[in-house]
Amino acid sequence: MRRLDGKVALVTGAALERGQGACEARLFAAEGATVVLTDVQGEAGRATAAAIGEQATYVDLDVTDAAAWDAAMADVVARHGRLDCLVNNAGVWHTGGLLETSPEDYRRVVEINQTGVFLGMRAAARVMCEQGSGSIVNISSAAGLRGDPRIHAYVASKWAVRGMTKAAALELAPFGVRVNSVHPGLIRTPMSETEFAEGRPDPGASIPLRRVGQPEEVAELVLFLASDASGYVTGSEVAIDGAVTV
Ligand SMILES: NC(=O)c1ccc[n+]([C@@H]2O[C@H](COP(=O)([O-])OP(=O)(O)OC[C@H]3O[C@@H](n4cnc5c(N)ncnc54)[C@H](O)[C@@H]3O)[C@@H](O)[C@H]2O)c1
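Enquirer: Help me out: how do you make sense of the overall build of the chain in this one?
Expert: For the chain, the count of helices and strands is 6 helices and 7 strands. Mapped from its N terminus to its C terminus, the chain presents α and β elements in the order β-α-β-α-β-α-β-α-β-α-β-α-β. Radius of gyration (C-alpha) of the chain: 17 Å, near the 18 Å computed for a compact globule of 246 residues. Along the first, second and third principal axes, the C-alpha set of the chain runs to 50 × 35 × 35 Å. Residues counted as buried form 46% of the 246 residues belonging to the chain.

Okay, here's the thing in structure tokens:
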């Protein structure tokens, strides 16, 4: 028996082969799930889904678009009959302190990282409450557990995800639907690639575990939270950061 046998999962921001979303989708499929990968990068997303195999499909979904969420959810239910796991993984990085961040940039980051999670939870919860089960995993960040003066909008959006997770967990618990947040530290993906540019100091040196994380390691944690193995875990925030926030 694999850990997600018979489950149907949707992962946002899953197009890029080395991104966290694709790693989660790959692991979910290997554990028996039917997986719907979504993103705004259609070409990459279709290639990533094809490489996973017949259990995976790709659907265009801009997480800021409420109508697109409704359409994607209707499509999942029509094709697979249910939705067991939603991973709200899509996100954007933005560098800039309070004094350097324009209102436009602030709103764009919040729209994708925060409103996108709201819309995703809302769309999935309608299906999951009706079926009486489900697990939603929201990808926040170490930046959702502490302050960071260099990334004001990103911190705001990721703290919001942490709070929304707890509010939704309380609201959806009576329906058998669980909601948890995951808080990665520095993980090597396309988003963080500039940290590894030649000539830059080793980004792992300042981390207590003395290395950065890999997307496969985050995927293992997300798998646990998505699966029935975590059946009594809801409203929790789980750091996966080599102890940078301790
Ligand atoms: N890489 C890190 O160090 C790190 C650390 C903490 C948290 N995170 C979070 O992990 C999640 C995954 O990031 P990653 O490192 O894999 O980054 P990534 O850039 O590799 O992947 C993010 C994906 O989100 C997609 N995306 C962007 N805007 C979108 C939108 N409007 N609708 C749908 N998809 C959209 C992108 O196309 C991309 O495929 C993000 O929420 C990120 O904030 C990353």
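Enquirer: I would appreciate a short explanation of the nonpolar core in the present structure.
Expert: Most often, soluble globular proteins keep nonpolar side chains buried together rather than apart. If you look at the biggest cluster of nonpolar residues, it comprises 70 residues, and the most contacted ones within it are Ala 9, Ala 25, Val 35, Leu 37 and Ala 124. In terms of residue count, helix 4 (residues 103–131) provides more of this core than any other element does, 10 residues in total. Not counting residues within four places of it along the chain, the set of residues in contact with Ala 124 comprises Met 73, Leu 83, Leu 86, Gly 134 and Ile 136.

Enquirer: What's the story with the pairing of strand 5 (residues 134–139) in this structure? I'm lost.
Expert: Residues in a regular strand project their side chains so that they alternate between the two faces of the sheet. The buried fraction of strand 5 amounts to 6 of the 6 residues, a majority that puts the element mostly inside the structure. Alignment of strand 4 (residues 85–88) against strand 5, held across 4 bridges, turns out to be parallel. Bridge pairing in strand 5 links Cys 85 to Ser 135. Assessed by its sense of winding, the connection that carries the chain from strand 4 through helix 4 to strand 5 is right-handed. As defined by bridge partners, strand 5 adjoins strand 6 (residues 177–184) across 6 bridges and the pair is classed as parallel. Across the sheet, residue Gly 134 finds its bridge partner in strand 6, namely Val 177.

Enquirer: I tried to follow the packing of helix 3 (residues 66–80) against helix 4 on my own but got confused; where do I start?
Expert: Angle between the axes and distance between the axes: these two values describe a pair of packed helices. At a minimum axis distance of 10 Å, the contact between helix 3 and helix 4 shows a crossing angle of 30°. Seen along the crossing, helix 3 lies across helix 4 with a hand that is right-handed. Each of Ala 66, Trp 69, Asp 70, Met 73 and Val 77 in helix 3 lies in contact with helix 4, whose residues at this interface are Leu 119, Gly 120, Ala 123, Ala 124 and Val 127.

Enquirer: Before we go on, may I ask you to explain the pairing of strand 6 in this structure?
Expert: Burial analysis of strand 6 places 8 of its 8 residues in the buried class, which makes it a mostly covered element. Residues Val 177, Val 179, Ser 181 and His 183 line one face of strand 6 and the alternating positions Arg 178, Asn 180, Val 182 and Pro 184 line the opposite face, and both faces are buried. Considered for its hand, the β-α-β crossover made up of strand 5, helix 5 (residues 152–172) and strand 6 is right-handed. Crossover strand 6 to strand 7 (residues 237–240) through helix 6 (residues 215–226) is left-handed.

Enquirer: Would you mind showing me how to read helix 4 here?
Expert: Spanning 29 residues, helix 4 covers 40 Å between terminal C-alpha atoms, matching the ideal 42 Å at 1.5 Å per step. The sharpest bend along helix 4 reaches about 40° and sits at Glu 111. Looking one or two residues beyond helix 4, the residue adopting positive phi is Gly 132, at roughly 80°.

Enquirer: What's the story with the site of the ligand in this structure? I'm lost.
Expert: What surrounds the ligand is a group of 27 residues, the closest being Gly 13, Gly 19, Gly 91, Thr 189 and Met 191. Looking at the shell around the ligand residue by residue, the class counts come to 13 nonpolar, 12 polar and 2 charged.

Enquirer: Please explain the sheet that holds strand 1 (residues 8–11) as it appears in this structure.
Expert: Remark on secondary structure: sheet strands pair via backbone hydrogen bonds, oriented parallel or antiparallel. The strand order 3-2-1-4-5-6-7 describes an open sheet built from 7 strands, whose pairing is parallel. The sheet is open, and its two borders are formed by strand 3 (56–60) and strand 7, each paired with just one other strand. Looking at each pair of strands side by side, their axes are set apart by 20° on average, direction ignored.

The rules behind each value
Residues numbered from 1 in each chain as written. Predicted model: local features only at pLDDT ≥ 70, side-chain atom pairs only at ≥ 80, totals over all residues. Helix = DSSP H or I, 4+ residues; strand = E, 2+ residues; numbered from the N terminus. Rg over C-alpha atoms; globule rule 2.2 N^0.38 Å. Buried ≥ 20, exposed ≤ 12 C-beta atoms within 10 Å, placed from the backbone. Core = buried A, V, L, I, M, F, W, Y, C linked by C-beta atoms within 7 Å. Contact = placed C-beta atoms within 7 Å. Pairing = 2+ DSSP bridges. Right-handed = clockwise from strand over helix to strand, strands pointing away. Axes fitted to C-alpha atoms, helices over the stretch in contact; angles between N-to-C directions. Left-handed = near helix turned anticlockwise from the far one by under 90°. Expected span 1.5 Å × (residues − 1). Bend = angle between axes of the 7 residues up to and from the residue. Near = placed C-beta within 6 Å. Nonpolar A, V, L, I, M, F, W, Y, C, P; charged D, E, K, R; others polar.

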